Amino acid sequence: MDQYQLAEIFDRISALLEIKGEVVYKRLAYKRAADSLRDLNADLQQLHAENRLEEIPGVGKAIAEKIAELLDTGHLRFLEKLEAEIPPSLVELLSIPEVGPKKALLFYKEAGVTSLAELEAAAREGKLSQLPGIGPRTEARILANIEAHTRRSVRMPLREARIAGERWLRWLRGLPGVQQADLAGSIRRWRSTIGDIDLVAASADPKPVMEAFVNHPEVKLVNDHGEYKSSVLLNSGISVQLWVQPPERYGTLLFHGTGSKDHNVRLRELAQQRGLSLSERGLVDKEGREQLFADEEQLYKAFDLPWIPPELRENRGEFEAARNGRLPELIRLEDLTAELHSHSNWSDGSLPILKMAQAARERGLRVLAITDHSQSLGVANGLSPERLRAQRKEIDAAQAELGDSILLLQGVEMEIRADGMLDLDDDTLAGLDIVIASLHVGLRQPREEVTRRMLTAIRNPHVDLIAHPSGRLLGRRDGADLDWDAVLAAAKEHGVALEINAHPDRLDLDDIYAHRAAEMGIPIAINTDAHSPADMDLREYGVYIARRAWLGPAQVINTWPAERLLRWLRERQPS
DNA sequence: GCCGTTTTCGGCCCGACTGTTTTCAGTCG
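Trainee: Mind laying out the overall build of chain A, listing which residues take part and the relevant values?
Mentor: The secondary structure content of chain A amounts to 24 helices and 17 strands. Taking 2.2 N^0.38 as the reference for a compact globule, 575 residues should give roughly 25 Å; the C-alpha atoms of chain A span a radius of gyration of 26 Å, in line with that estimate. The C-alpha extent of chain A, read off along each of the three principal axes, is 75 × 60 × 50 Å. At a minimum sequence separation of 6, the contacts of chain A that also span at least 24 residues come to 68%.

Trainee: Please give an account of the domain arrangement of chain A that cites residues and values.
Mentor: Interface size, as often reported, equals the accessible area lost upon joining of the parts. When the domains of chain A are assigned, the result is domain 1 (3–152), domain 2 (154–245), domain 3 (255–327) and domain 4 (333–571). Each of domain 1 and domain 4 has a C-alpha centre, and the two are 39 Å apart. With 7 residues of domain 1 in contact, the opposing surface of domain 4 contributes 6 residues. Carbon and sulfur atoms make up 40% of the surface buried where domain 1 meets domain 4, a total of about 550 Å² over both sides. For the domain 1 face of the interface with domain 4, the top three residues by lost area are Tyr-4, Gln-5 and Asn-41, together amounting to 72%. Counting across the domain 1 and domain 4 interface gives 0 salt bridges. If you look at where domain 1 meets domain 4, you find 3 residue pairs in polar contact (both at pLDDT 80 or more).

Trainee: So, the sheet that holds strand β10 (residues 290–291): which residues are in play, and what are the values?
Mentor: Spatial ordering of the open sheet is given by β8-β9-β10, a layout of 3 strands whose pairing is antiparallel. Edge positions in the sheet fall to β8 (276–279) and β10, since each of these pairs with one other strand and no more. Where β8 meets strand β9 (residues 282–285), 4 bridges bridge the pair, whose relative direction is antiparallel. Residue pairing across strands places Ser-279 opposite Gly-282, the latter belonging to β9. Of the strands in this sheet, β8 and β9 are in contact with helix α13 (residues 261–273), which crosses β8 at around 155°.

Trainee: Outline the protein's contact with DNA strand B, supporting the account with residue identities and numerical values.
Mentor: Every one of the 48 residues lining DNA strand B counts as a neighbour, but Gly-60, Gly-135, His-225, Glu-227 and Arg-268 are closest to it. Within 4 Å of the protein, the contacting atoms of DNA strand B are drawn from sugar and phosphate to the extent of 78%. For DNA strand B, a phosphate oxygen lies 2.8 Å from a polar atom in the backbone of Gly-100. Listed by contribution, the elements that provide at least two residues to the surface near DNA strand B are α2 (24–39), α4 (61–73), α6 (101–111), α8 (136–151), β5 (219–225), β7 (239–245), α13 and β8. In terms of residues, the surface near DNA strand B owes the most to one element, α13, which gives 6 residues. Looking at the surface near DNA strand B residue by residue, the class counts come to 17 nonpolar, 15 polar and 16 charged.

Trainee: Help me get a handle on the pairing of strand β2 (residues 180–183), residues and values and all.
Mentor: With burial as the criterion, only one face of β2 is covered, namely that bearing Ala-181 and Leu-183; the residues Gln-180 and Asp-182 on the opposite face remain uncovered. Direction of pairing for β2 relative to strand β4 (residues 197–202): antiparallel, over a ladder of 4 bridges. Within the sheet, the bridge partner assigned to Leu-183 lies in β4 and is Leu-199.

Trainee: Describe the packing of aromatic side chains, naming the residues involved and giving the relevant values.
Mentor: Geometrically, a pair of aromatic rings is defined through the distance of the ring centres and the angle of the planes. The final tally for this structure, using the stated rule, is 10 aromatic pairs. Taking the centre distance of 5.4 Å and the plane angle of 70° together, the rings of Trp-190 and Tyr-541 count as edge-to-face. Of this pair, Trp-190 sits in the loop between α10 (185–188) and β3 (193–194) while Tyr-541 sits in helix α23 (residues 539–548); the two residues are 351 residues apart in sequence, bridging distant segments of the chain. Look at Trp-190 and Tyr-544: their rings are 3.8 Å apart centre to centre, the planes differ by 5°, and that puts the pair in the stacked class. One end of the pair, Trp-190, is in the loop between α10 and β3; the other, Tyr-544, is in helix α23, with 354 residues separating them in the sequence. Taken together, the ring pairs in this structure connect Tyr-4, Trp-484 and Tyr-513 into an aromatic cluster.

Reading the values: the criteria
Residues numbered from 1 in each chain as written. Chains lettered and ligands numbered in written order. Predicted model: local features only at pLDDT ≥ 70, side-chain atom pairs only at ≥ 80, totals over all residues. Heavy atoms only, no water. Helix = DSSP H or I, 4+ residues; strand = E, 2+ residues; numbered from the N terminus. Rg over C-alpha atoms; globule rule 2.2 N^0.38 Å. Contact = heavy atoms within 4.5 Å. Domains from an automatic or database assignment. Buried area = accessible area lost by both parts, 1.4 Å probe. Salt bridge = Lys/Arg side-chain N within 4 Å of Asp/Glu carboxyl O. Polar contact = N/O pair within 3.5 Å; in protein donor to acceptor, adjacent residues only side chain to side chain. Pairing = 2+ DSSP bridges. Axes fitted to C-alpha atoms, helices over the stretch in contact; angles between N-to-C directions. Near = heavy atom within 4 Å. Nonpolar A, V, L, I, M, F, W, Y, C, P; charged D, E, K, R; others polar. Buried < 20%, exposed > 50% of the residue type's maximum accessible area, 1.4 Å probe, protein only. Phe/Tyr/Trp six-rings, centres within 6.5 Å; stacked < 30°, edge-to-face > 60°.

As C-alpha cells, then:
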C-alpha cells in the first residue's frame, strides 16, 4: 500500500466522519493527514520501520497508529467499524452541489437514502420536500444538480475551460464600470482539470455588473445572485462564478478567488496569529480597522512574504519556501528550445518531416526529434526496423535542406507491448539518436504486471525517455495502476528521463509525480507529442504543469543547449 | 485529531448567499 492509496483512505474517513456529524476538526485532521501523505517525499515503509510516522505533518499518535495498521495488515478496523455505521455509498451524495453532510445524513436517516440513484428517486417522488428544513425549491435544485452531475460527471479539461473562460473575460472587461478583471480559481492555477470557471472583477459599482452577468444570453440557470457574488449554469452545462469588489479591494478578491482553498486558509491562519482577520474584502484588526489591498503583491507583503505564483498555491510548502526566500525560479515557455517527441506522416502525424521541422523552427525551437510509432502499433502505421532505416535518409535530406537552423534527431516512440516485450531489437535502437518508450496498450493490467513492463523499458540501456508515463487520457481513461515508487526509483537508477506530456488531453506526468521525480534528481522532459504544427503551440500547458511541480529550467532537458543534450544522449548509450 | 516564539489545553478561516424561517443553519469556495 503506497502513500496515495493511504491518502485516499484517510480522505474517505474524513468524508464519513463529516456525515456522521463528528466535530469538524476531527475530520479536518484526517483530511490534513491525507493531503500530507500525498505530498510526502520520503519512504513511508522506512518511516514506519524507524517509528517516525509522527514526523509527518498533521500526523499524531492516533493517525500514526492507523497508518501502521494499514501498512502491516492492509486493513483498518476503525474504517470497517465506521462503514458499518455509515453506508460508504453515502459519500457520493456529497458530490452533488447543495448536498452537504447534514442533508446527506438527514436523507439517510429519515428517507432511507443510501446512494445517488436512491436520492434521485426520492426527489422525483417528492419525498425530500416532506423532510424538516427541506422545501420544494431545495428539492427541485437537488434534482437539477443530480441531472447536471450525470451529464457532466467529470471535470472539464483545462484547455476547454481556458478557451471558454477567456471568452467570458473579454466580455466582462468590455462591460461599463469594470476596471479590471481576471480568470481566477483553478484555471489561474493551471490545474489539469477544472470544475467551474471563476471570474473576478473590480468595479466601483458591482450591482450592474452582476445584473449583466446573470442576464447573459448563455445563462440557463441562476444559482446565486448576490451583491458581491453570483453563480450561473450555462446552456453548455458549464458553471461560471463571478465575484465583484471595488478596485481598492481587488487584491484580496483576486487572492480569494484564486485559491486554492488550502492556500487561502493558511494565509488566514497567519492573519489570525497576528490578531487580524483576512477575507476577500480586506484585512481587519480587532478594533475593526480595515487595511485594503488593490493588488496581490501588497497583500503578501503585509505578511512579509514575496508574491507567490498561482501555480504554487496548493499548500504544498509554498509558505515555508516563501518565508525562507526559497521560492523556485520557475521555468517559462521561452526556456524551451527543443521538442523531443513528435510524429511525421511516416506514422500517424499529418505532415512530412521537413514541414514539421520548419514549423518547429518558426516557433523558435533549435532541436526537433522525429519519434514516430513503432511497428506493433498498427493503427498508427508504426515503423519496422526497415522503415526506420529508410526514414533516416529522409531525415538526413531534410537536415541538409535546413542547414544549421534547427537540429533534427531521429528517434522512435517504441511500444511497451502488452506481453511485456519491447517492440524493437537492441541493434535497431542503437542506430537511433533518441529512444522513447511508452504504454498505449494493456493499461488495465494489474499493478504488478504493468509495472513490470514499465521497468523492462526503463532498464533497457537504449531507452532515454518514458513518454506520458501513466497513459491517462483526461476525462476518458484512467492511467495505468503503476507502482510509482518502483518506477521513480528505476528511472533514478538508470538516469532515464520522464516526460510531462503537454497535450491537454494528457498532462502526464501530473504535477505531483513530476515534483517527486524532480526532487529525486530524475531529468524531466516537456514535449507536446506533436502530430501537427498546431500541437506545438500546446507547449505552454506542459510548462505550467512543470511550474506546478516547482520545476526550474535546469531540471528540464528541453532547455539544454543542443550540445549538452547530445552529450547526455551519447553518454547514455552503452559503449 | 493535531498542535504550541502567546498555549501541553483550548483553540482550530472567513464571508456570501439561499431557503425556510421568524433569527439562522447549511453549503460553498
